[in-house]
Amino acid sequence: MNGLSALFEETALAAGIAVLDVYHAGANAVAKVDGSPVTEADLRAEAVIFDRLARASPSIPIVGEEAAAAGCAPSVEAGAFFLVDPLDGTKEFIARRDDFTVNIALIDNGKPIAGIVYAPALRRAYIAAEGVAQRLEIDHSGRVRERREIRTRGRNGSIIAVASRSHSCAQTETFLARHRVLDCTSVGSSLKFCLLAEGRADVYPRFGRTMEWDTAAGDAVLAAAGGTVLRLDGSILRYGKCRQESDCDFANPHFVAWAAAPPEGWC
């Protein structure tokens, strides 16, 4: 395990403790300016992550969901930066469903080159660094008890999809029908990318609004496992788009994540 992997693991596991403390106590949510919910768990976890990343790599800027919502996103016009979603799947968290995650990614030249997705209530994490993706099993004391390398699967006829539980739309249904997808699993948070990465599904279409911090860590895991995330024009989903676009709020375009090379004429 290299230094970046160790930093991401230790940081995500520490943030997960903060998240679970609020989860077990019962979370109260308030609405942000954009209408999305935020809880004390989001704020505590982001504080833990910022502190550890800043101490380990003080020269690398950190973009976090809650800091950005408060107008405190740093410039990412040059070089690498960390991209953080301290609690992805806040709606699942509030509804007391366990598929919420802590997400940390390192972006370089518009590409997520390392990342971790940690589901503390499931005691499971997915990490990517140096082109290798792994699934981690976490014990009750918060330590890694098992790790194994994961890879995407090749397409073998029928397509299995994963989709958002909270953000399905008519465009998603049209896409699934067009590609004759008969089996679709609904799951919250960035775990959708991880199901593709470990060979349990083939495609994740997303036509609703997402932000860069929602997708970066999962994108890193999927890429290291052999998959890809494409915009609807067929180009790779990029990060740090505020470098080129004025008034950018770190919003992603619509995309489709694939475990294997997409079929001809998919978009």
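Parameters at a glance
- Residues numbered from 1 in each chain as written.
- Predicted model: local features only at pLDDT ≥ 70, side-chain atom pairs only at ≥ 80, totals over all residues.
- Heavy atoms only, no water.
- Helix = DSSP H or I, 4+ residues; strand = E, 2+ residues; numbered from the N terminus.
- Rg over C-alpha atoms; globule rule 2.2 N^0.38 Å.
- Buried < 20%, exposed > 50% of the residue type's maximum accessible area, 1.4 Å probe, protein only.
- Contact = heavy atoms within 4.5 Å.
- Salt bridge = Lys/Arg side-chain N within 4 Å of Asp/Glu carboxyl O.
- Expected span 1.5 Å × (residues − 1).
- Arc of directions from axis to C-beta.
- Polar contact = N/O pair within 3.5 Å; in protein donor to acceptor, adjacent residues only side chain to side chain.

**Looking at the overall build of the protein chain**
Here comes step 1: A tally of regular secondary structure across the protein chain gives 7 helices and 14 strands.
Here comes step 2: What you see for the protein chain is a C-alpha radius of gyration of 17 Å, in line with the 18 Å of a compact globule of 267 residues.
Here comes step 3: Within the span of the protein chain, comprising 267 residues, buried residues form 52% of the whole.
Here comes step 4: When contacts within the protein chain are restricted to residue pairs at least 6 apart in sequence, long-range pairs at least 24 apart make up 63% of them.

**Concerning the pattern of salt bridges**
Here comes step 1: Taken as a whole and judged by the stated rule, the model has 10 salt bridges.
Here comes step 2: The salt bridge involving Arg147 is made with Glu9; its shortest N-O contact spans 2.8 Å. With a gap of 138 residues between them, Arg147 in strand E9 (residues 144-149) and Glu9 in helix H1 (residues 3-25) connect regions that are remote in the sequence.
Here comes step 3: Close ionic contact of Glu198 with Arg200 constitutes a salt bridge, the shortest N to O distance being 3.2 Å.
Here comes step 4: For Glu198, a relative accessible area of 11% puts it in the buried group.
Here comes step 5: Because the salt bridges share partners, they merge into one network encompassing Arg135, Glu137, Arg148, Glu198 and Arg200.

**Description of helix H2 (residues 40-56)**
Here comes step 1: For H2, built from 17 residues, the straight-helix expectation of 24 Å at 1.5 Å per residue is met to within 8% by its first-to-last C-alpha distance of 25 Å.
Here comes step 2: Those residues of H2 not exposed but buried are Ala41, Asp42, Ala45, Glu46, Ile49 and Leu53. All buried residues of H2 lie within an arc of 115 degrees about the axis, which places them on one face of the element.
Here comes step 3: Two or three places before Ala41, at the start of H2, stands the capping residue Thr39, its side-chain oxygen 3.1 Å from that residue's backbone nitrogen.

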